[in-house]
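One letter stands for each residue in the lines below.
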Amino acid sequence: MERVRINASRAYDVVIGRGVLDTVGDELSHLVKSRTVAIVADDVTYPLFGARTKASLESAGFYTCEYIIPHGEESKSAENYIRILEFLAERGLSRTDCLVALGGGVVGDLSGFVAASFLRGIPFVQIPTTLLAAVDSSVGGKCAINLQAGKNLAGAFYQPSVVLCDTEIIGSLPDDIFSEGMAEVIKYGAIRSEKVFGLIEDGARENLGELISECVRIKRDVVCEDEFDTGLRQLLNFGHTPAHAIERLSDFKISHGAAVAAGMCIMSRAAEKLGLCEAGISDEIEKLCKKFSLPTTAQFSAKDMFAVAMRDKKRALGKITLVIPRTRGESVLYTVSEEETEKFFALGLSEGE
Ligand SMILES: NC(=O)c1ccc[n+]([C@@H]2O[C@H](COP(=O)([O-])OP(=O)(O)OC[C@H]3O[C@@H](n4cnc5c(N)ncnc54)[C@H](O)[C@@H]3O)[C@@H](O)[C@H]2O)c1
Ligand SMILES: [Zn+2]
């Protein structure tokens, strides 16, 4: 079992290891004064892990209740946000009681925002059950719900008391959900860690604990080093500028992870053709993506992708900051003009020389 300490406005541990789900009661009894713990889960995660979560909490002396949402992105809604707040109020939870998010990023984002606002904030615990939630959404303190006008438009920064990543749960995810998270894992490797490349090559599921802790540390370090948002954290957007365009052009039929994989490959190929990175990097990134059946390009034109990407981009005087790989395990920020961005996409989309 490993503990990664996150020194955010409130310091907390991310605990990573086999069977940590069964320690939730014990962990919480050291951290909070709660008597009642409300579990929020979806209709997939509750049947799988609800009973174990309740048993651990109850054996540590907590009363439990649960609120179950349908699975899927549509559940990250204002309606569910209000319903859960009303549920907590009806159950009489107090300021010291606690909310446990048992699920993927949807459950985590929605519950985090509920915890941040119920009675102006109650203790909150994340038990991420997807790889994406373990390496991305449960680190960094961002939580949000979607509004009619768009994704993540209402939310807060709210740190949990503890995050429990059970590698046995995440290691047994179906391939498609696992791959979705692997796209972000490959991203962490490409921006900051040659070690991640090696661990994936040796077997991601076998090295899951080490992979998750390495990714959590990278996200923590990049976010901490850039507390004042000078730009370093833009590294975490590697592949995401083309990815957002791909997601939109496909009407969100292409998932975020698949789009990020394609986006990383597009940026790497372009960087390599322009001589901006070591030869062979784009092949390595592509190989890792293919290992998880993730796409390595997209069927859209550079012109369309550029038009969509520019729509929602923060621009400083027509300049765009792209993230490009430099060597194995290191990426850099690279500022270009708008026209050059389109050229990047065009070069990256064509897979040949
Ligand atoms: N807060 C942040 O910083 C941040 C960062 C990245 C993504 N996000 C958000 O995260 C969400 C995506 O997260 P996600 O990919 O985890 O999606 P998700 O929560 O919808 O989970 C994906 C699917 O996997 C199922 N599932 C969960 N755990 C399972 C398990 N152990 N076994 C089998 N099935 C399981 C879920 O029921 C769901 O159907 C998006 O809403 C995104 O906006 C937030
Ligand atoms: Zn992402």
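Scroll up a little and you will see the structure.
Residues numbered from 1 in each chain as written. Chains lettered and ligands numbered in written order. Predicted model: local features only at pLDDT ≥ 70, side-chain atom pairs only at ≥ 80, totals over all residues. Heavy atoms only, no water.

Novice: Tell me about the overall build of the protein, residues and numbers included.
Specialist: On a plain count of helices and strands, the protein comes out with 14 helices and 11 strands. Against the compact-globule benchmark of 20 Å for 353 residues, the protein has a radius of gyration of 20 Å, which places it among compact chains. Each principal axis of the C-alpha atoms in the protein carries an extent, and together these give about 65 × 45 × 35 Å. Looking at the protein residue by residue over its 353 residues, the buried ones come to 56%. When contacts within the protein are restricted to residue pairs at least 6 apart in sequence, those whose partners lie at least 24 apart make up 73%. (Helix = DSSP H or I, 4+ residues; strand = E, 2+ residues; numbered from the N terminus. Rg over C-alpha atoms; globule rule 2.2 N^0.38 Å. Buried < 20%, exposed > 50% of the residue type's maximum accessible area, 1.4 Å probe, protein only. Contact = heavy atoms within 4.5 Å.)

Novice: Any details on empty space enclosed by the protein? Residues and values, ideally.
Specialist: Scanning the entire structure with this criterion turns up two cavities of 30 Å³ or more. Roughly 40 Å³ of internal volume is contained in the largest cavity. Contributing to the lining of the largest cavity are Gly108, Gly112, Phe124, Gln126, Ser137, Ser138, Gly141, Lys142, Cys143, Tyr158 and Pro160. Mapped onto the lining of the largest cavity, the elements with two or more residues apiece are helix H4 (105-117), strand S6 (124-128) and strand S7 (142-147). Within the lining of the largest cavity, the residues separate by chemical class into four nonpolar, six polar and one charged. Taken as a whole, the second largest cavity spans an internal volume of roughly 40 Å³. Lining the second largest cavity are Gly103, Gly104, Gly105, Gly108, Asp109, Gln126, Pro128, Ala133, Ser137 and Ser138. (1 Å grid on protein atoms, 1.4 Å probe; cavity = no way out; pocket = protein on both sides within 12 Å on 5 of 7 lines; lining within 4 Å. Points joined across faces, edges and corners; volume = space filled by probe spheres on them. Nonpolar A, V, L, I, M, F, W, Y, C, P; charged D, E, K, R; others polar.)

Novice: So what's going on with the coordination of the zinc ion (ligand 2)? Which residues, and what values?
Specialist: Where a metal carries four tetrahedral donors, each ideal angle is 109.5 degrees; where it carries six octahedral donors, the ideal angles are 90 or 180 degrees. For the zinc ion (ligand 2), the full set of protein donor atoms is Glu184 (OE), His240 (NE2) and His256 (NE2), and the range of their distances to it is 2.0 to 2.2 Å. Counting along the primary sequence, the residues that act as donors to the zinc ion (ligand 2) give the motif E-x55-H-x15-H. In this pair, His240 is assigned in helix H10 (residues 240-249) and His256 in helix H11 (residues 256-273), connecting sequence segments 16 residues apart. On the basis of relative accessible area, His240 is assigned to the buried category, the value being 7%. Owing to a relative accessible area of 23%, His256 belongs among the partly exposed residues under this scheme. (Donors = N, O, S within 2.8 Å, 3.2 Å for Na, K, Ca; no water.)

Novice: Lay out the nonpolar core in plain terms, naming residues and giving numbers.
Specialist: Within soluble globular proteins, side chains that are nonpolar generally end up buried alongside one another. Counting 71 residues, the largest nonpolar core has Val14, Leu131, Val185, Ile186, Ile200, Ile212 and Ile285 as the members making the most contacts within it. For this core, the element with the highest residue contribution is H11, accounting for 10 residues. Counting only domains with at least three residues in this core, you end up with domain 1 (2-171) and domain 2 (175-349). With residues near it in sequence (within four places) discarded, Ile285 still touches Ile186, Ala190, Phe197, Phe238, Met264, Cys265 and Ser268. Of all hydrophobic cores here, the second largest spans 27 residues; its members include Cys65, Tyr81, Ile84 and Ile145. (Core = buried A, V, L, I, M, F, W, Y, C linked by side-chain atoms within 4.5 Å. Domains from an automatic or database assignment.)

Novice: Kindly report on helix H8 (residues 194-203), identifying the contributing residues and their values.
Specialist: The set of residues buried in H8 consists of Val196, Phe197, Leu199, Ile200 and Gly203. End-on view of H8: buried residues confined to an arc of 170°, all on one side of the axis. Turning to H8, the residues buried within the fold contact helix H7 (175-192), helix H9 (208-225) and helix H12 (281-291). (Arc of directions from axis to C-beta.)

Novice: Can you break down the packing of H11 against H12 residue by residue, with the values?
Specialist: Put simply, H11 and H12 touch, their axes get as near as 8 Å, and they point 165° apart. The orientation of H11 with respect to H12, classified from their angle, is roughly antiparallel. For the element pair H11 and H12, the recorded crossing hand is left-handed. Mapping the contact onto sequence places Ala261, Met264, Cys265, Ser268, Arg269 and Glu272 in H11 and Ile281, Ser282, Asp283, Ile285, Glu286 and Cys289 in H12. Of the residues belonging to the contact of H11 with H12, the class tally is six nonpolar, two polar and four charged. (Axes fitted to C-alpha atoms, helices over the stretch in contact; angles between N-to-C directions. Parallel < 35°, antiparallel > 145°, perpendicular 65-115°, else oblique. Left-handed = near helix turned anticlockwise from the far one by under 90°.)

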